[in-house]
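What follows is each chain in one-letter form.
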Protein chains: 2
Amino acid sequence: MKHLLFVILLLHINLVFGQQNLVPYVKPIIGSEKMGHTYPGATVPFGAVQLSPETDTISYELNGKYNGAVYQYCAGYKYEDKTIVGFSHTHLSGTGHSDLGDFLIMPTQGKLQLNPGTATKAKSGFRSAFSHVNEIAEAGYYKVKLDDHNIIAEMTTTTRVGMHQYSFPKSDESHIILDLMAGIYNYDEKDVWTFVRVINDTLVTGYRQTNGWARTRTVYFAMSFSKPFLNYGQKNDDDKQPYHGFWGKFDQSKNFPEIAGKKIRMYFDFKTAEAEKIKIKFALSSVSQQNALENMQSEIKDWDFEKVKSSAQKLWNTELNKIKIEASEDTKVNFYTAMYHTFINPTVYTDVNGEYKGLDQNTHVAEGFTNYSTFSLWDTYRALHPFFNIIQPSRNNDMIQSMMAHYHQSTLHMLPIWSHYSNDNWCMSGYHSVSVIADAIIKDIYKGDANEALNACIATATHRNYEGIGTYIDLGFIPAEKSGVSVSNTLEYAYDDWCIAQLAKKLNRQDVYETFMKRSQNWQNNFNPITGFMQPKLTDGTFKTNFDAMSTNGQGFIEGNSWNYSFFVPQNPSGLIDKMGGSTAFANRLDTLFSMHLPDSFFAETEDITREGIIGGYVHGNEPAHHVAYLYNWTNQPWKTQFQVRKIMAMQYKPTPDGLGGNDDCGQMSAWYIFSALGFYPVAPGSNDYAIGSPSVNNATLTLENGKTFTIDVVNQNAKNVFVQKVLLNGKPLPTLFINYNDIMAGGKLTFQMGSKPKKTIRFF
Amino acid sequence: MKHLLFVILLLHINLVFGQQNLVPYVKPIIGSEKMGHTYPGATVPFGAVQLSPETDTISYELNGKYNGAVYQYCAGYKYEDKTIVGFSHTHLSGTGHSDLGDFLIMPTQGKLQLNPGTATKAKSGFRSAFSHVNEIAEAGYYKVKLDDHNIIAEMTTTTRVGMHQYSFPKSDESHIILDLMAGIYNYDEKDVWTFVRVINDTLVTGYRQTNGWARTRTVYFAMSFSKPFLNYGQKNDDDKQPYHGFWGKFDQSKNFPEIAGKKIRMYFDFKTAEAEKIKIKFALSSVSQQNALENMQSEIKDWDFEKVKSSAQKLWNTELNKIKIEASEDTKVNFYTAMYHTFINPTVYTDVNGEYKGLDQNTHVAEGFTNYSTFSLWDTYRALHPFFNIIQPSRNNDMIQSMMAHYHQSTLHMLPIWSHYSNDNWCMSGYHSVSVIADAIIKDIYKGDANEALNACIATATHRNYEGIGTYIDLGFIPAEKSGVSVSNTLEYAYDDWCIAQLAKKLNRQDVYETFMKRSQNWQNNFNPITGFMQPKLTDGTFKTNFDAMSTNGQGFIEGNSWNYSFFVPQNPSGLIDKMGGSTAFANRLDTLFSMHLPDSFFAETEDITREGIIGGYVHGNEPAHHVAYLYNWTNQPWKTQFQVRKIMAMQYKPTPDGLGGNDDCGQMSAWYIFSALGFYPVAPGSNDYAIGSPSVNNATLTLENGKTFTIDVVNQNAKNVFVQKVLLNGKPLPTLFINYNDIMAGGKLTFQMGSKPKKTIRFF
């Protein structure tokens, strides 16, 4: 009766809010081929567990040598591969560096094999061939047939618990393997320590410590089986074990419940009837085995796989329904898959009891917020967090609380650069936490102490020992002798400093405002008026010779060449345009960027890029130029923004496994798409203005947390009618090429009228 | 004023209880030469910190190869050595296997050297020459001059915090080294992980994980300096580090506060004036950095080294005063040093807030007891815990609570064999927890649930997969084909089973009593009536051929030969005497043991023994024969017990660095001495009877926890008058050769009258 009432209530809620089933538009497989680095497995919005198949476990060479596998297998799965090694519980989505892949589980039957085997040798280990024909990847659900074992694998998750369901054939030799030495970014010394307790014939707990991209990382687990195993055992491949004296009293290989060491693989034996389902709940925690168990008991109370799957997909529908669009089927797939990809990171990093492991490796309690990890800030400050400020403001507040907690735990007294499971992996340049924080406080999203947050921004931006900040403060730029990425750092610092200034202005901290506004002009110091490019400068103030604007190698930039990075003054496009010779010259220069031909050498020396990720010399596959197509708005040729963003959307986002033109980068690529598809983009987070582009949807309704609704209506839109003829806000023409954050959050309607020819007036409304 | 009142109060207490200053009689240096394996450094009674010098850091070979260094450096210090490498915070006392040596600190001056150097090359590293002339080792205090650095090092401790005081010369290059890769039992892979945070210029916290004798072990620390350091840095000797991408932004070698990895040595730089003292507080915890810091803040509030030292020595005086003796100066030194050695293990393993890490690697709270670790039970069940039942009953109750907590945390559902820092190292045979538990419950010491404790004993004793228990249950002995130590195991199990039976009897569990009384007779199954020796038996019930009663190699015994082990039926000496041909034959056989000549091969093949540890064929340096000298009491020649125990005391216990004839074994050798010096010994813990020996003190006053006093008065005692003429309890002749526990605990007076000639009647009173 109660249950029925609940169903009726849900139906009622769905009717009131008009919730649609948008899950079918989400194709997690998009981006899993070539460069997208997404994973196809199951997760819930911002879930701590990402339960997904690994198609290879290629090892990584020792001694700091970087090899291709580190890059290729960032998400553990490559669509091109023919075998699955198993299903692990943690995955990064779209990153350009790899880690995680914890607790690989593989069901097998027949003779027990405890080595994974190799992709090229069929049946050489426990891995199995599979076919995409027998594979289903949905939001919150993944299914595949493991051909070599004749086993159907299904998985779903809650926030902190993965649920597996394996349908076995009839067999007296069915096994479930728990590979505790498998991992992504797996080199010989990644396994720091493993500890396992087999508590009874259905419950196992333990932890695993790794030294990967995250240097000091421990993940605790609790694993529960729906059916008691008959036997279990382990194989320890560590050939450097000490003399453990009296441990020899035990045969530790079989049915021995106290396991510890490195390089351990376990197995659990079953007899199965035809089509018998064995289910596993697998819970994670950063704090303790007890917390993992508590997470499990709290989130999945019984063994109803379908119920867990249905709950997961309900969660997805709730999130996806925050934007309802009318558009072509392909656009809907691209759009909702992009929403899916934006809502899987950052990831929840708090146990159900509120505890989490901090950067200081101490256990903390998140008081009044949910703690998050997986902050790929160099990417996500650009569009992902700005997107959250519209559509996930509460979560973005929690994320900033998490960043502030990180700051308080930092012995360096720095905000996160790349917050990664109680570690900072320090990846990429700038200190873009300050952009995310400033943007949120300026938009009144942040509920914490704003002045304390500003102080944290200042502390981070004045950390003289960090990546040239000292010389940057002293000289206004970073000398090329001191850094191989001196120019990109200076440019990014200057933008971040502008964010700090905007925040200081909001908080009436005039001295801070002035200091950082001054610093925000430092981009000028690397601009060479003679060449018109951003160039590395020596300590003596002269530009470094042998400059090549096309090259990404040794020119002072990271993930971009000077052609792209010279446009990186998002805080002051007008100032840049002045330096570059005015509106027409600047627009011409953008034209050249989008149409130029890149030499082969460019691809050889540039990371994270395929030819598909490039339009002319514009590199959408890397982030530094993400705002560039919108810069035409500051020139006398804004229709070229409209043309180019539609071209980028069409070329870089396709509803196919290889549909993403570059790493999704924890949702940044997808957030770019969502903004652009809706018709506007945050060129400079920290500002309330969005530059108008060219919407690719016909209609969109944004349901905001404040209860308001913002509708975007796009009249006469199609693949040819990419040019904006008129934009009306609540029926009145927009006075500028920009729409303001407050206008969106107030609710209302934005109407675009589209046409096939550019409206060649600057103020065309 | 308050302070003065406090002092007056203390003086008052001292007067009332008549406390003597007994610290001068404690010579921690005793046993530090040759085989004693004691450490000379500072600790408080049952302290969690043992702050003591290391004289070498010889490494251990890989791949399970056991080498001499593992054995020689059990305590980190060998009196024979000429150099000190540093001072570390954890040490085992008297063990025959090594571990610990955490957080080695060394003060140096002059050019910074971050390698320890070698003992044979002067000034090859940070180690320093030292001389025993400049060394003071007291209970709770250690001092030494480091000749190469011209630094005076002093140390003292509280329970959980070590305090260092280094007096430097004038130098602009003074350093304090924190070696995080040093350790005892240090082989290449012992360092599992190290994590350090330099919080400010006086505070450092972190942890260190090792895989040593304890397999999964983490020690957290907090370290505070009395003076800010000017600079600090680290060297990481791990050549197998992964590519850590963006960590390269930092120069991690100098003034970088977030340190992690393996094989790390740190340094802290100072400028010092002549004779300037730099002090360090160094706190430990098994749970967290925060707990270590809390332990520090709770136990040492200021920087008064003398106050901490004085408190430590007060604690020692309180413990030592529990037995006040009159005796020769040498005997007083031996006796109080023995008391010192009995009171430094087991060690407190609870933080001040009650938390500790359990065997399951979860954090637990010790509710209503102090949790202890370092249970060398194969040794200490014999006399140490029985001694505690008289003089430390509250602590022994806590120790049993700790053993029960270990049991509850054990996935194997077993009581500890050798409880070692949240691990069991499984060292040695038997399941002697049950002896300690039974003895304490029979003596009404244990405050917990006695039936639950009995159930834990039964579960342990019926764990069929553990060291032959299954076949032992089925056959009544362990077949020689299945175990190299089949006979010693059977003998020890049989004794332990008798303990379980006694406990069951006390708790009216008749069925358990009968089962285990039956098992307790299993010693008979290895007794060969033809040879008169305990011998290994094959599954078919026949004795194994090629038996050699002298050899310790491959004869079915551990740390003993059949000559010694054949006497191991402490639960039933009369039964053994019957089997061995009656009283006279048995006494003759004991005579032979104490007078026989051992071949050289014996010493080559036997562990833990020097020629000094042997009297005839009696091996006092190992434990299995510790009760043997008292077995004459069951024959018609009890005066030979008196003669032999005095001989053992005289030969095996001397007030010199090489004064201990064998490993002190966590206090067991010392507890044997204390009992023997007082004139009685617990031949079979689990019984309330002690066998009368020959006291070597003139008088002893035992102050019991129950408020009673038990006095032992020895009339006419000297080195020649070793034979007991008469024994009176409260003025009445003792009716047997035994004194009962309850008679001691009731308070009263035991009077011995001694003479130079044996009183050759069995019932001589």
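Residues numbered from 1 in each chain as written. Chains lettered and ligands numbered in written order. Predicted model: local features only at pLDDT ≥ 70, side-chain atom pairs only at ≥ 80, totals over all residues. Heavy atoms only, no water.

Turning next to the interface of chain A and chain B. Contact residues are listed per partner, giving 60 residues for chain A and 61 residues for chain B. In this assembly, chain A packs against chain B so that about 5600 Å² is buried in total across both faces, 54% of it on carbon and sulfur atoms. Here chain A and chain B share four salt bridges between them. The salt bridge involving E189(B) is made with K262(A); its shortest N-O contact spans 3.3 Å. At the boundary of chain A and chain B, one finds 27 residue pairs in polar contact (both at pLDDT 80 or more). Among the elements of the structure, β13 (191-198), β14 (203-210), β17 (258-261) and α3 (289-299) of chain A are those that each provide at least two residues to the side of chain A that touches chain B. Top contributing element to the side of chain A that touches chain B by residue count: β13(A), with five residues. Along the lines of polarity and charge, the residues of the side of chain A that touches chain B split into 29 nonpolar, 20 polar and eleven charged. (Contact = heavy atoms within 4.5 Å. Buried area = accessible area lost by both parts, 1.4 Å probe. Salt bridge = Lys/Arg side-chain N within 4 Å of Asp/Glu carboxyl O. Polar contact = N/O pair within 3.5 Å; in protein donor to acceptor, adjacent residues only side chain to side chain. Helix = DSSP H or I, 4+ residues; strand = E, 2+ residues; numbered from the N terminus. Nonpolar A, V, L, I, M, F, W, Y, C, P; charged D, E, K, R; others polar.)

Right, let's get into the nonpolar core. Counting residues in each nonpolar core, the largest one holds 172 residues, and the members touching the most others are I323(A), F335(A) and F680(A). Counting residues per element, this core draws most heavily on helix α12 (residues 486-506) of chain A, which supplies eleven residues. I323(A) has contacts with L22(A), F335(A), Y336(A), M339(A), F387(A), I391(A), I674(A), L678(A), A700(A), T701(A) and L702(A), leaving out every residue within four places of it along the chain. Core analysis: the second largest hydrophobic core is formed by 169 residues, Y336(B), I458(B), I558(B) and Y565(B) among them. (Core = buried A, V, L, I, M, F, W, Y, C linked by side-chain atoms within 4.5 Å. Buried < 20%, exposed > 50% of the residue type's maximum accessible area, 1.4 Å probe, protein only.)

A separate point is the layout of surface pockets. Put simply, the second largest pocket is a space of about 630 Å³. Forming the boundary of the second largest pocket are 31 residues, of which Y220(A), V287(A), T363(A), V287(B) and T363(B) lie nearest the centre. By residue class, the composition of the lining of the second largest pocket is seven nonpolar, 19 polar and five charged. (1 Å grid on protein atoms, 1.4 Å probe; cavity = no way out; pocket = protein on both sides within 12 Å on 5 of 7 lines; lining within 4 Å. Points joined across faces, edges and corners; volume = space filled by probe spheres on them.)

This next bit is on the relation of the copies chain A and chain B. In this arrangement, two copies of a chain are superimposed by a rotation about an axis accompanied by a shift along the axis. Least-squares fitting of chain A to chain B yields an RMSD of 0.1 Å, with the superposition described by an axial translation of 0.1 Å and a rotation of 180°. Expressed as an axis order, the relation between the two copies is that of a two-fold axis. Relative to the rotation axis, the C-alpha of V192(A) is the closest in chain A, positioned 3.2 Å from it. A shared binding surface is used by both copies, with 100% of the interface residues of chain A retained as interface residues in chain B. (Least-squares fit on C-alpha atoms with pLDDT ≥ 70 in both.)

Residues and elements named next belong to chain A. Residue placement: P733 occurs in strand β36 (residues 732-733). Overall, the relative accessible area of 49% leaves P733 in the partly exposed class. Taking the C-alpha atoms as reference points, P733 and L750, 17 residues apart in sequence, are found 9.5 Å from one another.

All names here are of chain A. One can find D239 in the loop between β16 (231-236) and β17. D239 gets classed as exposed once you look at its relative accessible area, which sits at 55%. Along the backbone, D239 and K262 are 23 residues apart, and their C-alpha atoms lie at a distance of 9.5 Å.

Another aspect to go through is the packing of α12(A) against helix α13 (residues 510-519) of chain A. Residue and element names in this part refer to chain A. Look at α12 against α13: their axes get within 8 Å of each other, and the N-to-C directions meet at 160°. Taken together, α12 and α13 sit at an angle that is classed as roughly antiparallel. Of the two elements, α12 crosses α13, and the hand of that crossing is left-handed. Residues A494, D497, W498, I500, A501, Q502, A504 and K505 of α12 lie in contact with α13, whose contacting residues are V512, Y513, F516, M517 and R519. (Axes fitted to C-alpha atoms, helices over the stretch in contact; angles between N-to-C directions. Parallel < 35°, antiparallel > 145°, perpendicular 65-115°, else oblique. Left-handed = near helix turned anticlockwise from the far one by under 90°.)

Residue and element names in this part refer to chain B. Here helix α5 (residues 329-342) is 14 residues long and its end C-alpha atoms lie 20 Å apart, about the 20 Å a rise of 1.5 Å per residue gives. Along α5, the residues that are buried comprise T331, K332, V333, N334, F335, Y336, T337, A338, M339, Y340, H341 and T342. Where α5 is buried, its residues meet α4 (305-320), β20 (323-326), α7 (384-391) and α19 (668-678). (Expected span 1.5 Å × (residues − 1).)

Turning next to α13(A). All names here are of chain A. Regarding α13, the residues found buried are V512, Y513, F516, M517 and R519. Projected onto a plane normal to the axis of α13, the buried residues spread over an arc of 155° and lie on a single side. For α13, the exposed residues set more than 90 degrees away from the buried face come down to D511 and K518. Along its buried surface, α13 packs onto α10 (450-461), α11 (469-475) and α12. (Arc of directions from axis to C-beta.)

Pairing between strand β34 (residues 709-715) of chain B and strand β38 (residues 748-755) of chain B: six bridges, direction parallel. Residue pairing across strands places I712(B) opposite L750(B), the latter belonging to β38(B). (Pairing = 2+ DSSP bridges.)

Residue and element names in this part refer to chain A. Taken as a whole, this structure holds 114 aromatic pairs over all chains when the rule is applied. Note on W426 and Y466: the rings are 5.8 Å apart at their centroids and 45° apart in plane angle, and the pair reads as tilted. You can see W426 sitting in the loop between β26 (418-419) and α9 (433-442) and its partner Y466 sitting in the loop between α10 and α11, a full 40 residues away along the chain. Each of the two residues, W426 as well as Y466, counts as buried. (Phe/Tyr/Trp six-rings, centres within 6.5 Å; stacked < 30°, edge-to-face > 60°.)

The next thing to look at is the sheet that holds strand β31 (residues 680-681) of chain B. All names here are of chain B. Judged by pairing direction, the sheet is antiparallel, and its three strands sit side by side in the order β31-β32-β37 without closing on themselves. Each end of this open sheet is capped by a strand with a single partner; those strands are β31 and β37 (738-740). Relative to β37, strand β32 (residues 689-692) runs antiparallel, the two sharing three bridges. In the strand pairing of β37, Y690 is matched with I739.

Another aspect to go through is the pairing of strand β11 (residues 171-179) of chain A. Residue and element names in this part refer to chain A. Here β11 lies mainly inside the structure; seven of its nine residues are buried. Where strand β5 (residues 104-109) lies against β11, six bridges are found, and the strand directions are antiparallel. Paired with L104 across the two strands is D179, which belongs to β11. Taken together, the seven bridges between β11 and strand β18 (residues 264-272) define a ladder with antiparallel strand orientation.

Another point: the sheet that holds strand β9 (residues 151-157) of chain A. All names here are of chain A. Reading across from one edge, β7-β8-β9-β10-β19-β15-β14-β13-β17 is the order of the nine strands in this open sheet, with antiparallel pairing throughout. Two strands bound the open sheet, and with one partner strand each, they are β7 (135-138) and β17. When the angles between neighbouring strand axes are averaged without regard to direction, this sheet yields 15°. Summarising the sheet, β14 and strand β15 (residues 217-225) pair through eight bridges and their orientation is antiparallel. The residue of β15 that forms the bridge with V204 is M223. Strand contacts of α3: β10 (161-167), β13, β14, β15 and β19 (277-285), with the helix running at about 125° to β19, the strand carrying the most contacts. Sheet strands touched by helix α4 (residues 305-320): β7, β8 (141-146), β9 and β10. Its angle to β9, the strand with the most contacts, is close to 50°.

To continue, consider the packing of α4(B) against α5(B). Residue and element names in this part refer to chain B. Between α4 and α5, the shortest axis-to-axis distance is 10 Å and the interhelical angle comes to 110°. Taken together, the axis directions place α4 and α5 in an arrangement best described as roughly perpendicular. In this structure, α4 uses W316, E319 and L320 to contact α5, whose residues at the interface are Y336, M339 and Y340. Classifying every residue of the contact of α4 with α5 gives five nonpolar, no polar and one charged.

That is the geometry; function is a separate question.
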